[in-house]
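Working through the structure, step by step
If you want the building blocks of each chain, they are given just below.
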Amino acid sequence: MSRKLPMFKAISEAIAQEMERDENVFVMGEDIGAYGGIFGATQGLLEKFGPERVRDTPISESAFIGAALGAATKGLRPIVELMFVDFFGVAMDQIYNHIAKAHYMSGGQIRMPVVIMTAMGGGYCDAAQHSQCLYGLFAHVPGLKIVIPSNSYDAKGLMISAIRDDDPVMYFFHKMLMGLEWMPSPEEAAVEVPEEPYTVPIGEAKVVREGDDVTITTVARMVYEALWAAKELEKEGISAEIIDLRTLVPLDKETILQSVKKTCRLLVVDEDYRSYGMSGEIIATVVENIGNELKSPPMRIAYPDIPIPYSRVLEKHVLPDKEKIVNAVKAMVQ
Amino acid sequence: MGVDNIPKETLLEMFKTMHKIRTYEEALGEVYYEGKTPNFDISAGPIPGELHLSSGQESAAVGVCIHLRPDDAVVGTHRAHHFAIAKGVDLKKMTAEIFGKATGLSGGKGGHMHLFDASVNFSCSGIVGASFPQAVGVGLAAKMKGEDYVAVAIGGEGATNQGTFHEALNMAAIWKLPVIFVIEDNGWAVSVPKDKSTAVADNSERAKAYGIPGVSVDGGDVIAVYKAAKEAVERARRGEGPTLIEIRVYRLRGHFEGDPQLYRPKEDLELATAKDPLPKFERLLMEKRVATEEELNRIKEENEKEVRDAIEFARNSLYPEPEEALKGVFAGGG
């Protein structure tokens, strides 16, 4: 049986099913109990599992993310919510110096089955400290797996995979894909979700639209901007293939390279900052492997290297979107 | 015959461990300079990199760890050899790790500041203040799983001015977790004296802010440390919550090897020697007729042999295969 679910419900359902299956799984973070998570990702869990396993924390990100590490060393499988990825600054040491490195530095003695779930993304005027993506920053640090679902089916399957994984997984959800009543979300993000548990493998990208003239590689909400752009381009006889990466670490290079071998053109659409990030990484990977086969230089549309502005007109000007994608592809193909 | 109702065998075990630590640290302090004289090159010799030795601080480790079981966790600092030895970490594997050898605890991937021995629940970190939240996580696991193991977080007095200290104390207190926060006050945060870094004379006063017991102990007296730690560990095991213990110790060597200690008044070094807990304890054991000089000498000889053997083992061990560097980031390989 399946039914259409918004992403936030798919995530909380995944967590609930894993908590039922494995008593070592528990959740902690700010406002994840009675509130159900600021973006709904833990809705209904407190009622089902009680305050021991659905644990509201003080506003002490270092303490509860560090505690996740300690708990993991004793066989628990913590899920912690970092309310906005923008807040990582106050807890980064526990993430990148400890959780990410414990397995390697201990020579494999210590496993870190920790899920750090966090909200990302802009487009709703929340300005410079509540709209960032920053997945590139975490992907840069060895030892963290990075997953970013774009729809409710992947959201549930990736969450279950993340919980079952013995390595630390950063689970990013884009706030504007969650299907919350109070924040617009593309209706395409709420898809059929099976009631029973299932996994979406970490490290597998998905071709969400097949095409011949250009490969658009992207993630999260930009998947929809790319899909909408592809429809426009089709009217002009340009056929775009779109890859939803779903996982940044480990990166599914095969799927990207296969697609670009076919289309011989690459555009990366990235809501994270432009420099030293995902867009550069994907382009470098393609150029290193099949650079000679490209018909035109690869392009990227990313967030410019500026703090995210507040005013609607300013934010819209810099946020990657359908129009920018259409224009870039046309420039490449012509 | 014992002292203060502490049985003879416990006292001798404590003496043995304290003396072993001192012998070990002083021996490493010699080996460290091999290849580093006449010109000090931190990257040269059999023990490269930084080396923070714990001579003078043995009473803190031994007085605390004597109460611990293998399933209790100790999360240490950059200066952690004494706690590692007192917690029962294998001396040969630990030494091999410090030498960067394949036979080391982590196959040479961790090093002196990152010693991990999962079999006795010991770990440490080179980041000041990182231990506190991690111990809270172990305490949380004990509580959630209904087990009676405890967690000990070690920090220097300098670490009490990190946010993690305050976050972790608060969280352990509100959740009533079995955690013992042990502050080793050696008076110096590298080169900054306590009265220039810390707003209160005794960190134990800070326990009041979190509604938990706080005690200050003279580390020159290992029996005093033993008693304070006993109460704290028993309290934690009974499920009555965390305790903060500050132990005044004296650093007999520099912050790290090669530290000329120009910042340190001569009187402070003299005081350190006068307060040395090891000869004091040795005198006490003889005065109270717990042991004869011959008995103690026999223990010393055993220690000297064990330390020699450990260093020999490390010297004779092979370095890891260079390609090993690329393995072990994730539990699933890669």
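**Points about the overall build of chain A**
- Regarding its fold elements, chain A presents twelve helices and 14 strands.
- On C-alpha atoms alone, chain A measures out to a radius of gyration of 19 Å, which is about the 20 Å that the 2.2 N^0.38 rule sets for 334 residues.
- With the principal axes as the frame, chain A shows a C-alpha extent of 60 × 45 × 40 Å.
- Evaluated residue by residue, chain A yields a buried proportion of 59% over its 334 residues.
- Residue pairs in contact within chain A that sit at least 24 positions apart in sequence constitute 78% of those at least 6 positions apart.

**Focus on the overall build of chain B**
- The secondary structure content of chain B amounts to eleven helices and nine strands.
- For chain B, whose C-alpha radius of gyration is 19 Å, the value lies close to the compact-globule estimate of 20 Å for 334 residues.
- The burial tally for chain B puts 52% of its 334 residues in the buried class.
- A fraction of 74% describes how many contacts in chain B between residues 6 or more apart in sequence connect residues 24 or more apart.

**Observations regarding the sheet that holds strand β12 (residues 247-249) of chain A**
All names here are of chain A.
- Reading across from one edge, β3-β2-β4-β5-β7-β6-β12 is the order of the seven strands in this open sheet, with mixed pairing throughout. Each edge of the open sheet is held by one strand with a lone partner, namely β3 (54-56) and β12. The sheet shows a mean angle of 20° between the axes of neighbouring strands, taken without regard to direction.
- Bridge count between strand β5 (residues 115-120) and strand β7 (residues 169-174): six bridges; the pairing is parallel. By the bridge assignment, Val115 is partnered in β7 with Val169.
- On top of the sheet, helix α1 (residues 7-21) reaches β2 (25-29), β4 (77-84) and β7; it is set at about 135° to β2, its chief contact.

**A closer look at the sheet that holds strand β5 (residues 179-185) of chain B**
Residues and elements named next belong to chain B.
- The seven strands are arranged β2-β3-β1-β4-β5-β9-β8 in an open sheet whose pairing can be described as mixed. Two strands in the sheet have a free side with no partner beyond their single neighbour: β2 (116-117) and β8 (214-218).
- As judged from the two bridges shared by β2 and strand β3 (residues 122-124), these two strands associate in the antiparallel manner. Looking at the pairing, Asp117 lines up with Phe122 of β3.

**A look at the interface of chain B and chain A**
- Between chain B and chain A, the contact holds 34 residues from the first and 35 residues from the second.
- Grouping the constituent residues of the side of chain B that touches chain A by class yields 19 nonpolar, 13 polar and two charged.

**Regarding the pairing of β5(A)**
Residue and element names in this part refer to chain A.
- In terms of burial, β5 is largely enclosed, as six of its six residues are buried.
- Burial along β5 is two-sided: the residues Val115, Met117 and Ala119 and Ile116, Thr118 and Met120 are all buried.
- Where β4 and β5 come together, five bridges link them in parallel fashion. Of the residues in β5, the one forming a bridge with Ile79 is Val115.

**Quick look at helix α5 (residues 131-145) of chain B**
All names here are of chain B.
- Relative to the 21 Å expected for 15 residues at 1.5 Å per residue, α5 spans 21 Å between its end C-alpha atoms, a close match to the ideal helical length.
- Of all 15 residues in α5, 13 are buried, a share of seventy percent or more.
- A positive phi of about 65° marks Gly146, the residue just after α5.

**Brief notes about the environment of A:Ala72**
Residues and elements named next belong to chain A.
- Following the sequence through the fold, Ala72 ends up in helix α3 (residues 61-73).
- Judged by the 25 C-beta atoms lying within 10 Å of it, Ala72 falls in the buried class.
- Between the C-alpha atom of Ala72 and that of Pro113, which follows or precedes it by 41 residues, the distance is 6.3 Å.
- Ignoring anything within four residues of it in the chain, the contact list for Ala72 reads Pro78, Met112, Pro113 and Val114.

**Brief notes about the domain arrangement of chain A**
Residues and elements named next belong to chain A.
- Segmentation of chain A into domains returns domain 1 (2-194) and domain 2 (206-333).
- Here domain 1 and domain 2 have C-alpha centroids that lie 26 Å from each other.
- Here the side of domain 1 that touches domain 2 is built from residues that sort into 16 nonpolar, eight polar and three charged.

**Section: the nonpolar core**
- Grouped together as the largest cluster of nonpolar side chains are 210 residues, with contacts concentrated most on A:Tyr135, A:Tyr171, A:Phe173, B:Val136, B:Val152, B:Ala153 and B:Val182.
- The element best represented in this core is helix α8 (residues 222-237) of chain B, accounting for ten residues.
- Mapping this core onto the domain boundaries places at least three of its residues in each of domain 1 (2-194) and domain 2 (206-333) of chain A.
- Once residues lying within four places of it in the same chain are set aside, the contact partners of A:Tyr171 are A:Val115, A:Ile116, A:Met117, A:Val147, A:Leu158, A:Met159 and A:Ala162.

**Regarding the packing of α1(A) against helix α7 (residues 152-164) of chain A**
All names here are of chain A.
- α7 packs onto α1 with a crossing angle of 30° between their chain directions and a minimal axis gap of 8 Å. In terms of orientation, α1 lies roughly parallel with respect to α7. For the element pair α1 and α7, the recorded crossing hand is right-handed. On α7, the residues touching Met7, Ala10, Ile11, Glu13, Ala14, Ile15 and Glu18 of α1 are Ser152, Ala155, Lys156, Met159, Ile160 and Ile163.

**Comments concerning the pairing of strand β4 (residues 151-156) of chain B**
All names here are of chain B.
- Of all six residues that make up β4, six are buried, and the element is covered over most of its length.
- Residues Ala151, Ala153 and Gly155 point to one face of β4 and Val152, Ile154 and Gly156 to the other, with burial holding for every one of them.
- Sheet analysis places strand β1 (residues 73-76) next to β4, joined by three bridges and oriented parallel. Looking across to β4, one finds that Ala73 is bridged to Ala151.
- Remark: the β4/helix α6 (residues 163-174)/β5 crossover connection has right-handed handedness.

**Details of helix α8 (residues 222-235) of chain A**
Residues and elements named next belong to chain A.
- End to end, α8 covers 20 Å across 14 residues, agreeing with the expected 20 Å (1.5 Å per residue, within 8%).
- Within α8, burial applies to Met222, Val223, Tyr224, Glu225, Ala226, Leu227, Ala229, Ala230 and Leu233.
- At its buried positions, α8 is contacted by β9 (206-209), β10 (214-218), β11 (240-244), β13 (266-273) and α12 (322-333).

**As for the packing of α3(A) against helix α4 (residues 92-99) of chain A**
All names here are of chain A.
- Taken N-terminus to C-terminus, the directions of α3 and α4 make an angle of 25°; their axes are 8 Å apart at the nearest point. Between α3 and α4, the crossing angle belongs to the class labelled roughly parallel. Where α3 approaches α4, its residues Ser62, Ile65, Gly66 and Leu69 are matched on the opposing element by Asp93, Gln94, Ile95, His98 and Ile99.
- Partitioned by chemical class, the residues of the contact of α3 with α4 number four nonpolar, four polar and one charged.

**Observations regarding unusual backbone geometry**
- A cis amide bond, omega -5°, links A:Val249 with the succeeding residue A:Pro250.
- Of note, A:Pro250 is situated in the loop between β12 and α9 (253-263).
- Cis geometry marks the peptide bond from B:Thr37 to B:Pro38, where omega comes out at 0°.
- Position of B:Pro38 among the secondary structure elements: in the loop between α1 (8-31) and α2 (58-65).
- Phi angles above zero are rare outside glycine, and B:Val190 is one such case at about 55°.
- If you trace the backbone, B:Val190 turns up in the loop between β6 (188-189) and β7 (192-193).
- By the C-beta count within 10 Å, which is 14 here, B:Val190 ends up partly exposed.

Cut-offs and rules
- Residues numbered from 1 in each chain as written.
- Chains lettered and ligands numbered in written order.
- Predicted model: local features only at pLDDT ≥ 70, side-chain atom pairs only at ≥ 80, totals over all residues.
- Helix = DSSP H or I, 4+ residues; strand = E, 2+ residues; numbered from the N terminus.
- Rg over C-alpha atoms; globule rule 2.2 N^0.38 Å.
- Buried ≥ 20, exposed ≤ 12 C-beta atoms within 10 Å, placed from the backbone.
- Contact = placed C-beta atoms within 7 Å.
- Pairing = 2+ DSSP bridges.
- Axes fitted to C-alpha atoms, helices over the stretch in contact; angles between N-to-C directions.
- Nonpolar A, V, L, I, M, F, W, Y, C, P; charged D, E, K, R; others polar.
- Expected span 1.5 Å × (residues − 1).
- Domains from an automatic or database assignment.
- Core = buried A, V, L, I, M, F, W, Y, C linked by C-beta atoms within 7 Å.
- Parallel < 35°, antiparallel > 145°, perpendicular 65-115°, else oblique.
- Left-handed = near helix turned anticlockwise from the far one by under 90°.
- Right-handed = clockwise from strand over helix to strand, strands pointing away.

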